[in-house]
Amino acid sequence: MPTVHVFACSGRFASWEALQAYVSPAYTEDGDAVPSPFMLETGLTDYEPACIESALQASPAPLAQLLDGVSYAGSWLAQACADAHGMLVDTGVCVFAPNRLAHPQRSSLHYVGSYAYCADVPGD
């Protein structure tokens, strides 16, 4: 089964642009990718931008509320919420396959965990 890695934090990013600057690569004038801080921290490879979902809201909330509507949540979000132990967050990043993370625990964001997901779960 494919895996999603879930990260969360609160109070770190002032805007969507700031979050994206942390997660997404930059590009040189020649079009060459420059790895983002998140990519460097986690050892992200096999980069597929469409398979990274981020959420940012104005005030902290339970993980379930922040990530409501994220892909395949029906097969993994309940476990991630249990692992988050009730923490309140305003930022979430979900990294889905085929993206690969060599060392997700090195992220400066809180690493909630990794979860197998099923793309065939009804309602996702």
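This structure is a prediction, so every number in the text was calculated from the model and none was measured.

### Regarding the sheet that holds strand β8 (residues 110-116)
Then step 1. Strand order in the open sheet formed by 4 strands is β5-β6-β1-β8, with antiparallel pairing between adjacent strands. Only two strands of the sheet have a single partner each, and these edge strands are β5 (52-62) and β8. Averaged over all adjacent pairs, the angle separating strand axes in this sheet is 20°, with direction ignored.
Then step 2. As defined by bridge partners, strand β1 (residues 3-9) adjoins β8 across 6 bridges and the pair is classed as antiparallel. The residue bridging Phe7 from the neighbouring strand is Tyr111, located in β8.
Then step 3. Packed onto the sheet, helix α1 (residues 16-23) meets β5 and β6 (88-96) and runs at close to 135° relative to β5.

### Overview of the nonpolar core
Within soluble globular proteins, side chains that are nonpolar tend to cluster in buried spots.
Then step 1. With 19 residues, the main nonpolar core has Val4, Val6, Leu63, Leu67, Trp76, Cys94 and Val112 as its most contacted residues.
Then step 2. Sorting the residues of this core by element identifies β1, α3 (63-66), α4 (77-84), β6 and β8 as the ones contributing at least two each.
Then step 3. If we ignore the near neighbours within four places in the chain, the residues touching Val112 are Val6, Phe7, Ala8, Leu63, Ala80, Asp83 and Ala84.
Then step 4. Counting 14 residues, the second largest nonpolar core, distinct from the first, contains Phe13, Leu19, Leu44 and Leu109.

### Quick look at the pattern of salt bridges
Then step 1. The full count for this structure, using the stated rule, is 1 salt bridge.
Then step 2. Across the salt bridge formed by Asp46 and Arg100, the nearest N and O atoms sit 3.6 Å from each other. Within this pair, whereas Asp46 is found in the loop between β4 (44-45) and β5, its partner Arg100 is found in strand β7 (residues 100-101), the two being separated by 54 residues in sequence.
Then step 3. For Arg100, a relative accessible area of 52% gives the class exposed.

Here is what the cut-offs are and how they apply
Residues numbered from 1 in each chain as written. Predicted model: local features only at pLDDT ≥ 70, side-chain atom pairs only at ≥ 80, totals over all residues. Heavy atoms only, no water. Pairing = 2+ DSSP bridges. Helix = DSSP H or I, 4+ residues; strand = E, 2+ residues; numbered from the N terminus. Axes fitted to C-alpha atoms, helices over the stretch in contact; angles between N-to-C directions. Contact = heavy atoms within 4.5 Å. Core = buried A, V, L, I, M, F, W, Y, C linked by side-chain atoms within 4.5 Å. Buried < 20%, exposed > 50% of the residue type's maximum accessible area, 1.4 Å probe, protein only. Salt bridge = Lys/Arg side-chain N within 4 Å of Asp/Glu carboxyl O.

Honestly, that's just the spatial picture; any functional story needs more than this.
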